[in-house]
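Chain by chain, the residues run as shown.
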Amino acid sequence: QVQLVESGGGLVQPGGSLRLSCAASGFTFSISTMRWYRQAPGKERELVAIINSAGATNYADSVKGRFTISRDNAKNTLYLQMNSLKPEDTAVYYCNFPKRPWDNYWGQGTQVTVSS
């Protein structure tokens with residue numbers, strides 16, 4: 001079955017960096033579009049970044065130029081490099097595999113807190 005396991009979250013000061021990882025299994029990762037979402041307290045879950053099987057990427061305006069999504073198909077792992085972090089980046093970050101429009105898989109989430 002599909003499994004997505006995020007790691008790499010934590011507490012970081014404003015201006016700092018973190019790299020999130022998502023270990024994927026149970027499907028053919030290399031041909032799959034993958035996404036990162038986040039959800040801040042009291043807010044709706046929002047799309048952060050997308051990467052397709054060819055490596056093409058797209059980002060939310062709020063993270064463009066600061067975050068980089070990437071993938072290692074040999075390791076079945078998705079990454080999100082987050083630089084110049086701001087307090088408003090504080091959220092639970094989720095890895096997402098959109099198998100079909102009506103059939104999404106999610107990881108358990110990893111907490112990112114940006115605070116001094």
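Residues numbered from 1 in each chain as written. Predicted model: local features only at pLDDT ≥ 70, side-chain atom pairs only at ≥ 80, totals over all residues. Heavy atoms only, no water.

All right, on to unusual backbone geometry then. Not every positive phi belongs to a glycine, and Asn76 is a case in point at roughly 50°. Residue placement: Asn76 occurs in the loop between strand 7 (67–72) and strand 8 (77–82). Positive phi values are uncommon outside glycine, yet Ser84 reaches one of about 50°. By secondary structure assignment, the location of Ser84 is in the loop between strand 8 and strand 9 (91–100). (Helix = DSSP H or I, 4+ residues; strand = E, 2+ residues; numbered from the N terminus.)

Take the side chain of Asp103 next. Counting through the fold element by element, Asp103 comes out in strand 10 (residues 103–106). If we ignore the near neighbours within four places in the chain, the residues touching Asp103 are Phe97 and Pro98. (Contact = heavy atoms within 4.5 Å.)

Scanning all chains against the criterion turns up five aromatic pairs. Ring centres of Tyr94 and Trp106 lie 6.3 Å apart, and the angle between their planes is 90°; this geometry places the pair in the edge-to-face category. Taken together, the residues span a long stretch of sequence, with Tyr94 in strand 9 and Trp106 in strand 10 at a distance of twelve residues. Take Trp106: its relative accessible area is 35%, and that puts it in the partly exposed class. Site record: aromatic cluster; members linked through ring pairs are Phe27, Phe29, Phe97 and Tyr105. (Phe/Tyr/Trp six-rings, centres within 6.5 Å; stacked < 30°, edge-to-face > 60°. Buried < 20%, exposed > 50% of the residue type's maximum accessible area, 1.4 Å probe, protein only.)

Turning next to the pattern of salt bridges. Following the criterion strictly, the structure yields five salt bridges and no others. Two residues, Arg38 and Glu46, come together in a salt bridge whose shortest N-O distance is 2.6 Å. Look at Arg38 and you get buried, because its relative accessible area is 6%. Salt bridges linked by common partners bring Arg38, Glu46, Arg66 and Asp89 together as one network. (Salt bridge = Lys/Arg side-chain N within 4 Å of Asp/Glu carboxyl O.)

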